[in-house]
Amino acid sequence: NESHPPPKNIVLIGFMGSGKSTVGRELHHRLGYPLVDMDHVIEHRAGKAITTIFAEEGEEKFRDMETRLLEELCDPAAPRRIISTGGGVIGREANRDLLRHLGYVVWLHAPVDVILERTGKNRDRPLLHTDDPRARIEALMEVRTPLYEKTAHLRVDILGLDCGELATGILESA
Ligand code: S3P
């Protein structure tokens, strides 16, 4: 309900290209809560793009940065925020616990075709630098779907909805 803003952080999870950043910006504009885009914070801190972090330091180092940032965000004294995550943040059990502790976790669920279409437009996703992105997406999704499912408080199917409708739906159930 938009006249009663949610008393908690809203945490957006979901696959690459599911719209976490866009919906996060929409919620930020509606509620006025600061937006934390975890990928952006990590890039800013590292002083390099995610692709470069993966190439130079490896995925595990990137995952460590994600875990460290989640721990920081769990500060109970911090103001309420909108937090958009990277698609793989649910891989670690510790992260899943931190995410649920952090606030109301919303899973933006999108079908493979939508993901493929959207992620094809930019090259800043090292996990999709492959000859067969569809196969990679399907493989990752198979592993991740149960993890999104058990981490989220709410699942939202994005198909056919624009970011305004998605934000409204989230705020109605938050
Ligand atoms: C990743 C998703 C990316 C980014 C990194 C790894 C993943 O974020 O964190 O490339 O493992 O799915 P987006 O979901 O914002 O693309």
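For clarity, every value in this text was computed on a predicted model and none was experimentally measured.

Some thoughts on the environment of Asp75
So, step 1. Relative to the assigned elements, Asp75 resides in the loop between helix 4 (59-73) and strand 3 (82-84).
So, step 2. What makes Asp75 partly exposed here is its relative accessible area of 40%.
So, step 3. For the pair Asp75 and Leu102, spaced 27 residues apart in sequence, the C-alpha to C-alpha distance is 8.7 Å.
So, step 4. Polar side-chain contacts of Asp75 include one of 2.8 Å to the backbone nitrogen of Ala77.

Details of the side chain of Asn9
So, step 1. Secondary-structure assignment places Asn9 in strand 1 (residues 9-14).
So, step 2. Within the structure, the side chain of Asn9 is placed 2.9 Å from the backbone oxygen of Leu102, a separation counted as a polar contact.

Looking at the packing of aromatic side chains
So, step 1. What the rule picks out here adds up to two aromatic pairs.
So, step 2. Seen in terms of ring centroids, Trp107 and Tyr148 are 5.7 Å apart; in terms of plane orientation they differ by 20 degrees. Their pairing is stacked. Taken together, the residues span a long stretch of sequence, with Trp107 in strand 4 (residues 103-109) and Tyr148 in helix 7 (residues 133-151) at a distance of 41 residues. The same class applies to Trp107 and to Tyr148, which are both buried.
So, step 3. Positioned over the ring face of Trp107 is Arg155, at 5.0 Å from the centre of the ring.

Remarks on helix 3 (residues 50-57)
So, step 1. Buried within helix 3 we find Ile50, Ile53 and Phe54. The arc enclosing the buried residues of helix 3, seen along the axis, measures out at 95 degrees, which places them on a common side. In helix 3, those exposed residues whose orientation departs by more than 90 degrees from the buried face are Ala55 and Glu56.
So, step 2. Those residues of helix 3 hidden inside the fold are in contact with helix 2 (38-46) and helix 4.
So, step 3. Once helix 3 ends, the next one or two residues include Gly58, with phi positive near 95 degrees.

Let's talk about the site of the ligand
So, step 1. Taken together, 13 residues lie near the ligand, and Lys20, Asp39, Arg63, Arg125 and Arg144 sit nearest.
So, step 2. Between the ligand and the protein, one listed contact pairs an oxygen atom with a backbone N or O atom of Gly88 at 3.3 Å.
So, step 3. Here an oxygen atom of the ligand sits 2.7 Å away from a polar atom, N or O, in the side chain of Arg144.
So, step 4. Here the shell around the ligand is built from residues that sort into five nonpolar, three polar and five charged.

Cut-offs and rules
Residues numbered from 1 in each chain as written. Predicted model: local features only at pLDDT ≥ 70, side-chain atom pairs only at ≥ 80, totals over all residues. Heavy atoms only, no water. Helix = DSSP H or I, 4+ residues; strand = E, 2+ residues; numbered from the N terminus. Buried < 20%, exposed > 50% of the residue type's maximum accessible area, 1.4 Å probe, protein only. Polar contact = N/O pair within 3.5 Å; in protein donor to acceptor, adjacent residues only side chain to side chain. Phe/Tyr/Trp six-rings, centres within 6.5 Å; stacked < 30°, edge-to-face > 60°. Lys NZ or Arg CZ within 6 Å of the ring centre and 35° of its normal. Arc of directions from axis to C-beta. Contact = heavy atoms within 4.5 Å. Near = heavy atom within 4 Å. Nonpolar A, V, L, I, M, F, W, Y, C, P; charged D, E, K, R; others polar.

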